Amino acid sequence: MTRAMGAAMRRIHVGNALSAFGLGFTVPYLYVYVAQVRGLGAMTAGLVLAVFAVAALIVLPFAGRAIVRRGPLPVLLAALVLAALGALSLGLAGGAATVLLSAAALGAGQAVMQPALATMIVDCSSADTRSRAFAMQFFLQNLGLGVGGLIGGHLVDTTRVSSFTLLFAIEALMFLLLVGVMATVRMPHSPRMADAPARSAKGGWKQLLGNRAMVQLCVLGFVLFFACYGQFESGLSAYGVEAAGISTSALGTALAANTLMIVIAQFAVLRLVERRRRSRVIAAVGLIWAVAWLAAGYAGLGHGSQEMATAAFVSTYALFGLGEAMLSPTVAPLVADLAPEGLAGQYNSAFALVKQLALAVGPAVGGPLGASLHAPYIVTFLLFSLSITVLALRLGRRLTAVQDRPWTGRETRVVSRGQSATEPVAAEA
């Protein structure tokens, strides 16, 4: 990595931390703000949360094409300005229509930030440094979310609208501050779709869908996000309260345990997994999450004391955090290595789209199931976790040796990209 690339990467990491801080600052309090503080009711509050997901699903396909054609930095700056306007107007909005439009702007801006920042990491890293760079991104994102949520919780007062207006104004300021930071980044030149023949520009999505390894990774990604992130604040929390009798304070402890596990374990886990097959690391995550769902099953369906149930429930979130720490240096670099030259932005956006879809479907399925059908809920997501292992092992058979074991190509500094395996991957030594 050159000195210029290192300087750009440091600013990108600052960007990740600030954007996550902004998210953690307001998102946990959106429902209370809309339903109670603005007095718009639970229906409008639910629509606001849905608008976030819908806005992301609408803009991400266009974002991928824009990143490829224009580069990730201009797209990121536009997304930050849009998110800042959305946050500021949300803090000032008093009617349902204005709240929904503001939420759409904020949700669209935040959604586009993810693939833009991921593509910037790809452009400013090499095969040697990419896993560590994405691990650092995930670490800073979780740290930013945790610190933002903690500070935001101490600023808000449900009896004063002005406290929420201040909250959203600070979030908007964070995004504008990030515009200033990222505007100083000097990105290395990387191929864009505009540099390629017109045939490649028109066939970007067709080429992606024709990449069977990428399609399999997207299917695997949907299951990963559906079975974990899509349950955190919906099905699993509802199950904990209804089936295990978990208090709201214990639920907060469980969420804190998840973040703490990620913060503590991230770089220790990185050293463990960076010389392991990516497909087998993901397969191991499926087994760890299966154990997490068994612990959740014990918490709600077992016959132990309330203290044991609470401990088991907290351990569920901690085990999820361990799996997340293993995925961060594995999945995102794999998306980058599967992308043909110049199409990393489109592949990152496609994978972000899959994530948003899973996050939209997950709560809709898991929420009612976790609240009322306790045993079927645990069995369903236990099977989903085991399917992660199966899908990961199948994906491993389609990856090239360098895509699955990137350290094997470091001596020659050659990274195989956008191809499917033409021969079986040799067994790991």
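Calculation notes
- Just so you know, the residues in each chain are numbered from 1, in the order the chain's sequence is written.
- Under the rules for a predicted model, residues below a pLDDT of 70 receive no local features and side-chain atom pairs below 80 are neither given nor counted, while totals for whole chains, interfaces and linings still include all residues.
- Remark: hydrogens and water are excluded; side-chain values derive from all non-hydrogen atoms of the structure.
- A run of H or I in DSSP becomes a helix once it reaches four residues, and a run of E becomes a strand once it reaches two; helices and strands are each numbered from the N terminus.
- With a 1.4 Å probe rolled over the protein chains alone, any residue whose accessible area is under 20% of its type maximum counts as buried; one over 50% counts as exposed, and the rest are partly exposed.
- Whether two residues touch is decided by their heavy atoms; if any such pair falls within 4.5 Å, the residues are in contact.
- Each accessible area is a Shrake-Rupley result for a 1.4 Å probe, and residues are judged covered by the shown protein chains and nothing else.
- pLDDT expresses, on a scale from 0 to 100, how confident the predictor is about each individual residue.
- We define the nonpolar core as a collection of buried residues of types Ala, Val, Leu, Ile, Met, Phe, Trp, Tyr and Cys that are connected through side-chain atoms lying within 4.5 Å of one another.
- Side-chain rings of Phe, Tyr and Trp, where Trp is taken by its six-membered ring, are said to pair if the distance between their centres is within 6.5 Å; with planes under 30 degrees apart they count as stacked, over 60 as edge-to-face, and otherwise as tilted.
- Note on definitions: salt bridges are taken to be side-chain nitrogens of Lys or Arg within 4 Å of carboxyl oxygens of Asp or Glu.
- To get an axis, a line is fitted to the C-alpha atoms, and for a helix only the part in contact is used. The angle between two axes follows their N-to-C directions and goes from 0 to 180 degrees.
- Small angles under 35 degrees read as roughly parallel and large ones over 145 as roughly antiparallel, with 65 to 115 read as roughly perpendicular and the rest as oblique.
- Handedness of a crossing follows from how the near helix is turned relative to the far one, being left-handed for an anticlockwise turn of less than a right angle and right-handed for a clockwise one.
- Throughout this entry, Asp, Glu, Lys and Arg are counted as charged residues, while Ala, Val, Leu, Ile, Met, Phe, Trp, Tyr, Cys and Pro are counted as nonpolar. The remaining residues, Gly among them, count as polar.

(A) Structural detail: the overall build of the chain. In terms of regular secondary structure, the chain is built from 19 helices and 0 strands. Taken across its 429 residues, the chain has 52% of its residues classed as buried. Counting only contacts in the chain whose residues sit at least 6 apart along the sequence, the fraction spanning at least 24 positions is 83%. For the chain, the exposed area adds up to about 17,900 Å²; of that, 67% sits on carbon and sulfur atoms.

(B) Up close: the confidence of the model for the chain. For the chain, mean pLDDT is 82; residues scoring 70 or higher make up 90% of the total. Mean pLDDT in the chain bottoms out at helix α8 (residues 198-202), which sits at 45, and peaks at helix α18 (residues 374-396), which reaches 93. For the stretch residues 193-202, pLDDT sits under 50, and the model shows 15 contacts to residues farther than four places along the chain or on other chains. Note that pLDDT drops below 50 for residues 420-429; the model gives that stretch 21 contacts with residues more than four away or on any other chain.

(C) Focus on the nonpolar core. In this structure, M182, M214, L217, L236, W289, W293 and F313 are the most contacted members of the largest nonpolar core, which totals 120 residues. Every residue in contact with W289, bar those within four places of it in the chain, is listed here: L224, C228, L319, F320, G323, E324, L327, S385 and I388.

(D) A look at the packing of aromatic side chains. This model, assessed by the stated rule, comprises 16 aromatic pairs. Summarising the aromatic geometry, the rings of F222 and F226 are spaced 5.8 Å apart at their centres and angled 10° between planes, so their arrangement reads as stacked. Pair noted here: F222 and F226 are both in helix α10 (residues 212-227), with a separation of 4 residues, about one helical turn. The class of F222 is partly exposed, set by a relative accessible area of 26%. Judged by centre distance (5.6 Å) and plane angle (80°), the rings of W293 and F320 are edge-to-face. In this pair, W293 is assigned in helix α14 (residues 278-301) and F320 in helix α15 (residues 306-327), connecting sequence segments 27 residues apart. The class of W293 is buried, set by a relative accessible area of 0%. Residue classification places F320 among the buried positions, given a relative accessible area of 0%. Members of the aromatic cluster, connected to one another through ring pairs, are F222, F226, Y239, W289, W293, F320, Y377, F381 and F384.

(E) Just the pattern of salt bridges, in detail. Inspection of the entire model under this criterion finds 2 salt bridges. Notably, a salt bridge pairs R130 with D337, separated by 3.1 Å at the nearest N-O pair. Of this pair, R130 sits in helix α6 (residues 130-155) while D337 sits in helix α16 (residues 331-338), placing them 207 residues apart in sequence. What makes R130 buried here is its relative accessible area of 9%. Here D337 and R278 are joined by a salt bridge, their closest N and O atoms 2.9 Å apart. Of the two residues, D337 is situated in helix α16 and R278 in helix α14; the sequence distance between them amounts to 59 residues. You'll find D337 and R278 in the same group, each marked buried.

(F) View of the environment of A111. Mapped onto the elements, A111 comes out in helix α5 (residues 96-123). Classification of A111 as buried rests on a relative accessible area of 3%. Filtering out sequence-adjacent residues up to four positions away, A111 remains in contact with A56, V59 and L60.

(G) Geometry of the packing of helix α12 (residues 235-242) against α15. Running from amino to carboxyl end, α12 crosses α15 at an angle of 165°, the nearest separation of the two axes being 11 Å. Judged by the inter-axis angle, α12 sits roughly antiparallel to α15. You can see that α12 and α15 cross each other, and the crossing is right-handed. On α15, the residues that touch L236, S237, Y239 and G240 of α12 are F313, T316, Y317 and F320. Its residues assigned to classes, the contact of α12 with α15 comprises 5 nonpolar, 3 polar and no charged.

(H) Inspection of the packing of α6 against α16 at higher detail. At a closest axis distance of 8 Å, the pairing of α6 and α16 adopts a crossing angle of 135°. In terms of orientation, α6 and α16 fall into the oblique class. Of the two elements, α6 crosses α16, and the hand of that crossing is right-handed. Contact with α6, carried on its side by R130, S131 and F134, involves A332, P333, A336 and D337 of α16 and no other residues of that element. Of the residues in the contact of α6 with α16, the class split is 4 nonpolar, 1 polar and 2 charged.

(I) Quick peek at the side chain of S102. Among the secondary structure elements, S102 is positioned in helix α5. Residue S102 is classed as buried on the basis of its relative accessible area of 4%. Apart from the residues within four sequence positions on either side, S102 is in contact with G86, S89, L90 and A93.

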